[in-house]
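# Architecture at a glance
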Number of protein chains: 2
Amino acid sequence: MADASSYKDKKVIGIGIASELTGLSERQIRYYEERKLIYPDRSKGGTRKYSFADVERLVDIANKMEDGMQTFEIRKEEMKQSDIRSKMLRGQLNAAFKMRK
Amino acid sequence: MADASSYKDKKVIGIGIASELTGLSERQIRYYEERKLIYPDRSKGGTRKYSFADVERLVDIANKMEDGMQTFEIRKEEMKQSDIRSKMLRGQLNAAFKMRK
DNA sequence: CGTGTAAGGAATTCTGACACG
DNA sequence: CGTGTAAGGAATTCTGACACG
């Protein structure tokens, strides 16, 4: 298994196609990246490349935006599991450390 | 099932990425299209869009070319089954019809 | 036959900013 | 906050042709 990644995770889709697939404007897609909700690859020249997984994520984001959720909340929701654990752990260690002072 | 097509058959890959994925030059890829070996979609602007299935097909073509096969033979090989049947059928009907004259 | 390349143009994408709200 | 838009430039892609073989 030299290449474990399936079609779904290959970053091969330009922003124009991503826009067509999701119904979102390119402006919206770039903005969600600015807000740290999506992480496309970049070509050497700097053009964005998305995977099908990214496209699905964008649709998911779009739905949440429609429900009135803000980018901030969507990002937060995403860090719920694994991410937040290490962060909380670090935070608690920090807190504990400070208390000892 | 409004959308039966999987990731594999969606024409979403630009020729630059297709070139990277296959190791073929853009020139080669365009040439194989000229020789009727591959059929990408086109954007409104005219840029070519390939699917992962197309990319695999290109790799397959590349292997056959390496084996010394010519585009003509590769194309012929592809029409072996279903295609050739209807064509042969038509040919035979034509032949039979002519004989009756 | 299959592929590289220079040529000129068109389509695509990028960033930073202004606007509205 | 989230998104549209005009602006200028850069990266990407397109076609037709010449070259070699």
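Summary of the structure given here. Keep in mind it's a predicted model, so treat the numbers as computed, not measured.

## Things to note about the overall build of chain A
Looking only at helices and strands, one finds five helices and two strands in chain A. When the helices and strands of chain A are read in sequence order from the N terminus, they spell out α-α-β-β-α-α-α. Considering chain A as a whole, with its 101 residues, one finds that 29% of them fall into the buried category. Carbon and sulfur atoms form 52% of the exposed surface of chain A, whose accessible area is close to 7000 Å².

## So, the interface of chain A and chain B
Of the residues lining the interface, twelve residues belong to chain A; the matching set on chain B comes to twelve residues. Both faces combined, the contact of chain A with chain B buries some 1200 Å², and carbon together with sulfur accounts for 71% of it. The largest contributions to the chain A side of the interface with chain B come from Tyr7, Val12 and Phe52 of chain A, which together make up 53% of the buried area. Inspection of the region where chain A meets chain B yields two salt bridges.

## Describing the environment of Val55 of chain A
Residues and elements named next belong to chain A. The residue Val55 is located in helix H3 (residues 52-66) in this model. Residue class for Val55 comes out buried when judged on its relative accessible area of 8%. Between the C-alpha atoms of Val55 and Ile13, which are 42 residues apart in sequence, the distance is 8.9 Å. Leave out the neighbours within four places in its chain, and Val55 touches Ile13, Leu21 and Thr22.

## Here's the deal with the packing of aromatic side chains
On inspection of all chains with the given rule, the structure shows five aromatic pairs over all chains. When the ring of Tyr31 of chain B is compared with that of Tyr32 of chain B, the centres are 6.2 Å apart and the planes differ by 55 degrees; the resulting orientation is tilted. Every member of this aromatic cluster is reached through a ring pair, and the members are Tyr7 and Phe52 of chain A together with Tyr7 and Phe52 of chain B.

## Quick look at the protein's contact with DNA strand C
Around DNA strand C, a shell composed of 21 residues is seen, among which Arg30 and Arg48 of chain A together with Ser25, Tyr31 and Thr71 of chain B lie nearest. When the atoms of DNA strand C within 4 Å of the protein are sorted by group, sugar and phosphate make up 77%. Within the side chain of Arg48 of chain A, a nitrogen or oxygen atom sits 2.3 Å from a phosphate oxygen of DNA strand C. Between Tyr31 of chain B and DNA strand C, the recorded distance is 2.7 Å, taken from a side-chain N or O atom to a phosphate oxygen. Sorting the residues of the surface near DNA strand C by element identifies helix H1 (15-22) and helix H2 (26-34) of chain A together with helix H2 (26-34) of chain B as the ones contributing at least two each.

## Notes on the protein's contact with DNA strand D
Within the structure, DNA strand D sits among 21 residues, and Ser25, Tyr31, Arg35 and Thr71 of chain A together with Arg48 of chain B are positioned closest to it. Atoms of DNA strand D within 4 Å of the protein belong to the sugar or the phosphate in 78% of instances, the rest to bases. One of the side-chain nitrogen or oxygen atoms of Tyr31 of chain A is found 2.7 Å away from a phosphate oxygen of DNA strand D. Between a phosphate oxygen of DNA strand D and a main-chain N or O atom of Gly45 of chain A, the distance comes to 3.5 Å. Elements with a minimum of two residues in the surface near DNA strand D: H2 of chain A together with helix H1 (15-22) and H2 of chain B. Tallying contributions element by element places H2 of chain A first for the surface near DNA strand D, with four residues. Considered class by class, the residues forming the surface near DNA strand D number four nonpolar, ten polar and seven charged.

## A look at the packing of H1 of chain A against H2 of chain A
All names here are of chain A. At a minimum axis separation of 9 Å, H1 and H2 run at an interaxial angle of 105 degrees. The angle between H1 and H2 places the two elements in the roughly perpendicular class. Counting all contacts with H1, which are made through Ile15, Gly16, Ala18, Ser19 and Thr22, the residues of H2 involved are Glu26, Ile29 and Arg30. Of the residues belonging to the contact of H1 with H2, the class tally is three nonpolar, three polar and two charged.

Criteria and cut-off values
- Residues numbered from 1 in each chain as written.
- Chains lettered and ligands numbered in written order.
- Predicted model: local features only at pLDDT ≥ 70, side-chain atom pairs only at ≥ 80, totals over all residues.
- Heavy atoms only, no water.
- Helix = DSSP H or I, 4+ residues; strand = E, 2+ residues; numbered from the N terminus.
- Buried < 20%, exposed > 50% of the residue type's maximum accessible area, 1.4 Å probe, protein only.
- Areas by Shrake-Rupley, 256 points an atom, 1.4 Å probe, with all protein chains shown as cover.
- Contact = heavy atoms within 4.5 Å.
- Buried area = accessible area lost by both parts, 1.4 Å probe.
- Salt bridge = Lys/Arg side-chain N within 4 Å of Asp/Glu carboxyl O.
- Phe/Tyr/Trp six-rings, centres within 6.5 Å; stacked < 30°, edge-to-face > 60°.
- Near = heavy atom within 4 Å.
- Polar contact = N/O pair within 3.5 Å; in protein donor to acceptor, adjacent residues only side chain to side chain.
- Nonpolar A, V, L, I, M, F, W, Y, C, P; charged D, E, K, R; others polar.
- Axes fitted to C-alpha atoms, helices over the stretch in contact; angles between N-to-C directions.
- Parallel < 35°, antiparallel > 145°, perpendicular 65-115°, else oblique.

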